Amino acid sequence: MSSIQSLVAQMTLEEKAALCTGESAWTTTPIQRLGVPRLLVSDGPHGLRRVADVYSMANKSLPATCFPTASALASSWDVELLHEMGQALAEEAIALDVDVILGPGANMKRSPLCGRNFEYFAEDPYLAGTMAAALIEGIQSQGVGTSLKHYAANNQEYERFSISAEVDERTLREIYLPAFEMAVKKARPWTVMCSYNRINGTFGSEHHQLLTDILKNEWGFEGFVVSDWGAVHNRVAALCAGLDLEMPGPKPTRVDAVIEAVRNGDLDEAVLDEAVRRILTIVCRAAQTPKGGEFDAAAHHVLARKISAETIVLLKNNGLLPLQNPQHVAVIGRAAMEAHFQGGGSSHINPTQVDVPFNELQKLAGNAELSFAEGYPKDDSRDPALIEQAVAIAQTADVALLYIALPSYKESEGYDRPDLDLTAQQVALIQAVTAVQPNTVVILNNGAPLAMGEWIGGTAAVLEGWMMGQAGGGAIADVLFGRVNPAGKLAETYPLRLADTPAHLNFPGENGVVRYGEGLFIGYRYYDAKELPVQFPFGYGLSYTTFAYDNMRVSDEEFKDVQGVMVSVDVTNTGAVAGQEIVQVYVHDRESRLVRPYKELKGFAKVSLQPGETKTVAIQLDERAFAYYDPARHQWITEDGQFDILVGASSADIRCQATVVLQCTMELATILHDESTIRAWFDDPIGRPILEPIFNELMRKGGLFSENGSNDDSMDLISFLMDLPLRSFFHFQEGSLTQPPDDITNMLLDQVRGVKA
Ligand code: BGC
């Protein structure tokens with residue numbers, strides 16, 4: 001018996017029930033009699049929100065480094081950097097006595113209106129999963145746990161505690177689950193946090209299929225499932241579904257409910273034991289990491305600046321950037337003085353220090369004279385006087401730097417965004433300043449896409465600075481002055497208009513239900529399919545240098561699915577300064593039984609190049625890169641056929657491509673049944689040879705096939721027959737049959753299923 005199992009065996013029913021419910025908002029219940037310590041958990045994904053007293057309701061948290069939020073992090077496409085950040089987060093967790101960090105979030109950006117998108121990585125599951133796994137691995141490499149959240153389909157804040165996300169099986173498997181799946185399989189998070197919402201009618205906390213069948217049994221998750229704070233409604237049902245720990249506590253009524261359910265036979269004690277085993281495993285693992293000490297706040301601030309600089313996306317540049325010795329710089333916008341560096345809600349951090357963007361500019365600006373105007377008020381009001389002051393300093397300067405932050409009342413945990421717009425004052429400010437100063441740079445701080453049509457035309461350059469973390473002010477100065485060459489690329493599409501966005505007609509739902517009607521087609525998958533123009537495509541971002549792609553190769557032009565294929569390409573820095581390029585590999589399936597997105601991201605690499613330097617980038621595509629989820633078989637499948645491999649600098653800038661031929665090695669059960677059409681039988685490699693002789697024979701008997709082939713009329717009839725279900729087809733032919741039609745149907749079905757006659 002393992003030590004954990006022997007611990008479980010020694011526990012009373014009361015102790016077991018207590019362990020499965022929090023002791024406080026942030027701790028699990030210790031069992032002193034058996035030497036089981038408490039586990040301390042703390043938000044959040046991009047910095048520690050460790051409340052000073054875990055037993056009080058006070059919210060004030062201890063100082064910790066605030067790193068850029070997830071939407072920024074994903075724009076770095078930098079796996080090593082996220083790993084490094086994870087290690088730093090773990091050092092802070094150790095110093096602050098935290099065993100498990102409540103993050104990262106791996107939910108998809110279904111609509112840019114989701115108020116919490118700043119906490120999520122991407123609109124693409126492969127990118128989000130890769131980023132989440134890197135952060136988890138970094139944190140856990142130091143003996144601190146993570147909680148991958150919010151599992152699953154938590155893609156909006158509107159009615160987030162109750163709404164039912166109605167998602168079809170294939171969309172769930174191909175879009176909303178893979179980031180979780182990748183992170184679980186690759187990085188083995190210690191815990192997974194369920195979502196508040198319902199998924200197809202069942203609460204995330206009570207979803208047996210998601211928590212037990214898929215997460216634990218199929219993906220092999222070995223940690224424990226924790227509820228989001230307050231997500232449990234029926235404790236016993238949740239335990240049965242696979243929800244191990246309910247948070248927050250204390251909740252004596254829940255503990256009693258579990259005890260009572262075991263006593264009266266409603267809950268099998270083995271189910272409780274399994275939850276206890278999982279929780280104890282993590283509690284004991286966490287206890288092996290000694291806690292306490294201090295973290296190096298200054299070093300982490302430096303790291304936060306480096307990370308922030310890697311996340312910045314240069315959206316537009318007419319050549320003004322990097323700034324070349326400007327003499328007089330007009331700095332406009334309150335965000336230059338009050339950095340907007342994080343979002344509202346449970347991830348809100350008490351930073352160790354905050355860079356003031358204006359001061360950081362000043363440090364790098366040499367002898368340039370900097371003037372400042374506030375530009376816009378804190379709230380939604382219009383103030384023409386602020387615009388006049390800004391225009392006055394802008395028109396006498398060489399350059400205007402406009403620091404525009406989306407106000408937190410327009411973007412936060414807890415509510416969705418009303419629109420994609422800046423405030424009316426901010427738009428008027430940009431328009432007025434660009435009208436008098438052509439050398440205007442707009443620096444944005446926000447967590448999710450903005451509509452820019454009204455104002456981008458007059459700007460010389462636009463930087464997306466995100467919710468940039470506490471050292472972002474310095475990072476922006478680094479990029480403006482060319483100390484850092486920007487390399488970030490968008491992890492989500494910037495649409496032209498809200499009405500163009502994929503979920504527009506099905507967001508945020510009504511009557512307690514939100515229908516994911518766009519299915520697989522979120523983000524670039526949607527814009528590709530609709531051939532819609534966008535402001536900036538997924539994967540897009542400029543640099544101060546340029547890159548050429550040449551000599552694309554594939555390891556095999558024909559390959560077996562299980563082997564995958566290696567793609568390589570030579571990338572050259574063709575400009576004058578060192579830079580980094582993010583090379584993206586998309587896969588396009590030329591033909592498939594089910595509809596597929598035009599292309600999907602399946603690999604990427606970030607490469608650093610000196611001017612003139614060439615490096616070969618090699619990216620391995622595995623079986624999953626070519627597979628899709630077949631809801632008829634309830635499994636991922638591959639199909640024989642040609643695939644185009646597209647290598648690009650963004651989803652809209654494909655630089656080279658190659659075609660490969662995949663050979664499926666899977667033994668797939670037939671999906672033909674008695675209502676499958678004649679056409680489906682003919683399209684099926686097993687069905688066709690079984691049906692064809694009988695079909696042809698009947699056609700000959702009916703005079704539809706003759707010695708001289710078939711005439712137009714008979715072709716029309718054959719086309720008509722093609723869409724008949726097999727069973728109906730034989731019923732129509734009854735007069736020509738020697739056996740009852742249902743017997744023939746069943747005989748053919750037995751044959752395709754491999755049953756010997
Ligand atoms: C949020 C979680 C968070 C938890 C604890 C919830 O409201 O959805 O992301 O980890 O609170 O603060």
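Just so it is clear, the structure is predicted and the values come from calculations on it, not from any experiment. (Residues numbered from 1 in each chain as written. Predicted model: local features only at pLDDT ≥ 70, side-chain atom pairs only at ≥ 80, totals over all residues. Heavy atoms only, no water.)

A. Focus on the overall build of the chain. Of the regular secondary structure elements, the chain holds 22 helices and 25 strands. Here the C-alpha radius of gyration of the chain, 29 Å, is about what a compact globule of 757 residues would show, namely 27 Å. Projected onto its principal axes, the C-alpha coordinates of the chain cover approximately 100 × 70 × 50 Å. Buried residues in the chain amount to 61% of all 757 residues. Taking the intrachain contacts of the chain between residues at least 6 apart in sequence as the baseline, contacts between residues at least 24 apart amount to 76%. (Helix = DSSP H or I, 4+ residues; strand = E, 2+ residues; numbered from the N terminus. Rg over C-alpha atoms; globule rule 2.2 N^0.38 Å. Buried < 20%, exposed > 50% of the residue type's maximum accessible area, 1.4 Å probe, protein only. Contact = heavy atoms within 4.5 Å.)

B. Expanded view of empty space enclosed by the protein. Evaluation of the coordinates by the stated rule reveals 5 cavities of 30 Å³ or more. Reported here for the largest cavity is a volume of approximately 90 Å³. Lining the largest cavity are 13 residues; nearest its centre among them are Lys109, Ser111, Pro112, Glu123 and Thr493. Its residues placed into classes, the lining of the largest cavity shows 5 nonpolar, 4 polar and 4 charged. (1 Å grid on protein atoms, 1.4 Å probe; cavity = no way out; pocket = protein on both sides within 12 Å on 5 of 7 lines; lining within 4 Å. Points joined across faces, edges and corners; volume = space filled by probe spheres on them. Nonpolar A, V, L, I, M, F, W, Y, C, P; charged D, E, K, R; others polar.)

C. Geometry of the packing of aromatic side chains. Summed over the entire model, instances satisfying the criterion amount to 20 aromatic pairs. With centroids separated by 5.1 Å and ring planes inclined at 55 degrees, the aromatic side chains of Phe559 and Phe626 adopt a geometry described as tilted. With Phe559 in strand β17 (residues 558-560) and Phe626 in the loop between β21 (614-621) and β22 (628-630), the pair connects residues that are 67 residues apart, well separated along the chain. Centre to centre, the rings of Phe695 and Phe729 are 5.4 Å apart; their planes meet at 25 degrees, and the pair counts as stacked. Taken together, the residues Phe695 in helix α19 (residues 687-701) and Phe729 in helix α21 (residues 726-732) connect sequence positions 34 residues apart. We note that Phe695, like Phe729, is buried. An aromatic cluster is built from Trp77, Tyr126, Tyr524, Phe538, Tyr586 and Phe604, whose rings are joined through pairwise contacts. The lysine or arginine in question, Arg110, covers the ring of Tyr516, its NZ or CZ lying 4.0 Å from the ring centre. (Phe/Tyr/Trp six-rings, centres within 6.5 Å; stacked < 30°, edge-to-face > 60°. Lys NZ or Arg CZ within 6 Å of the ring centre and 35° of its normal.)

D. Region of the structure containing the site of the ligand. Around the ligand lies a shell of 14 residues, among which Asp43, Arg116, His150, Tyr196 and Asp228 are the nearest. In the model, an oxygen atom of the ligand is placed 2.4 Å from a nitrogen or oxygen of the Asp43 side chain. Contact with the protein chains covers 93% of the free accessible surface of the ligand, which is 310 Å². Here the residues of the shell around the ligand sort into 5 nonpolar, 2 polar and 7 charged. (Near = heavy atom within 4 Å. Polar contact = N/O pair within 3.5 Å; in protein donor to acceptor, adjacent residues only side chain to side chain. Areas by Shrake-Rupley, 256 points an atom, 1.4 Å probe, with all protein chains shown as cover.)

E. Looking closely at the sheet that holds strand β8 (residues 224-226). Spatially, 5 strands are ordered β1-β2-β3-β5-β8 in an open sheet, and the strand pairing comes out parallel. Looking at the sheet topology across the chains shown, the edges are occupied by β1 (41-42) and β8. Sheet topology note: the strand β3 (residues 145-151)/strand β5 (residues 191-194) ladder contains 3 bridges and is parallel. Pairing of Tyr151 across the sheet is with Cys194, part of β5. Packed onto the sheet, helix α5 (residues 125-140) meets β2 (100-101) and β3 and runs at close to 155 degrees relative to β3. (Pairing = 2+ DSSP bridges. Axes fitted to C-alpha atoms, helices over the stretch in contact; angles between N-to-C directions.)

F. View of the layout of surface pockets. In this structure, the largest pocket spans a volume of roughly 810 Å³. Lining the largest pocket are 28 residues; nearest its centre among them are Arg593, Glu639, Asp683, Asp684 and Pro685. When residues of the lining of the largest pocket are traced back to their parent elements, those giving at least two are β24 (641-650) and α18 (678-683). Broken down by element, the lining of the largest pocket gets its largest block of residues, 3 residues, from α18. Residues of the lining of the largest pocket, tallied by class, amount to 10 nonpolar, 8 polar and 10 charged. The two domains that each donate at least three residues to the lining of the largest pocket are domain 3 (547-663) and domain 4 (678-753). By volume, the second largest pocket is sized at about 550 Å³. Around the second largest pocket, the lining comprises 24 residues; the ones closest to its centre are Tyr126, Met182, Lys602, Asp622 and Arg624. Considered class by class, the residues forming the lining of the second largest pocket number 11 nonpolar, 2 polar and 11 charged. Mapped onto the domain boundaries, the lining of the second largest pocket takes at least three residues apiece from domain 1 (37-247) and domain 3 (547-663). (Domains from an automatic or database assignment.)

G. How the structure looks around α19. Along its 15 residues, α19 runs 22 Å from first to last C-alpha, staying within 8% of the 21 Å computed at 1.5 Å per residue. At Pro693, α19 shows its strongest bend, of approximately 25 degrees. Taken together, the buried positions of α19 are occupied by Gly687, Ile690, Leu691, Phe695, Leu698 and Met699. Buried residues along α19 sit against α18, α20 (712-722), α21 and α22 (741-752). (Expected span 1.5 Å × (residues − 1). Bend = angle between axes of the 7 residues up to and from the residue.)

H. Main features of the pattern of salt bridges. One pass over the full model with this rule turns up 53 salt bridges. In this structure, the salt-bridge partner of Glu222 is Arg188, at a minimum N-O distance of 3.1 Å. Of this pair, Glu222 sits in the loop between α8 (208-218) and β8 while Arg188 sits in the loop between α7 (178-187) and β5, placing them 34 residues apart in sequence. With respect to burial, Glu222 and Arg188 carry one shared label: exposed. One continuous salt-bridge network, built from bridges that share partners, spans Arg116, Glu119, Glu157, Arg160 and Glu413. (Salt bridge = Lys/Arg side-chain N within 4 Å of Asp/Glu carboxyl O.)

I. Region of the structure containing the sheet that holds strand β16 (residues 547-554). The sheet built from 3 strands is open, its strands ordered β16-β18-β21 with antiparallel pairing. Taken across any chain shown, the strands that pair with only one partner, and hence form the sheet edges, are β16 and β21. Taken over all neighbouring pairs, the strand axes of this sheet differ in orientation by 25 degrees on average, direction set aside. Looking at chain direction, strand β18 (residues 565-573) and β21 are connected through 8 bridges and run antiparallel. Residue Val571 lies in a different strand from β21, and its bridge partner there is Lys615.

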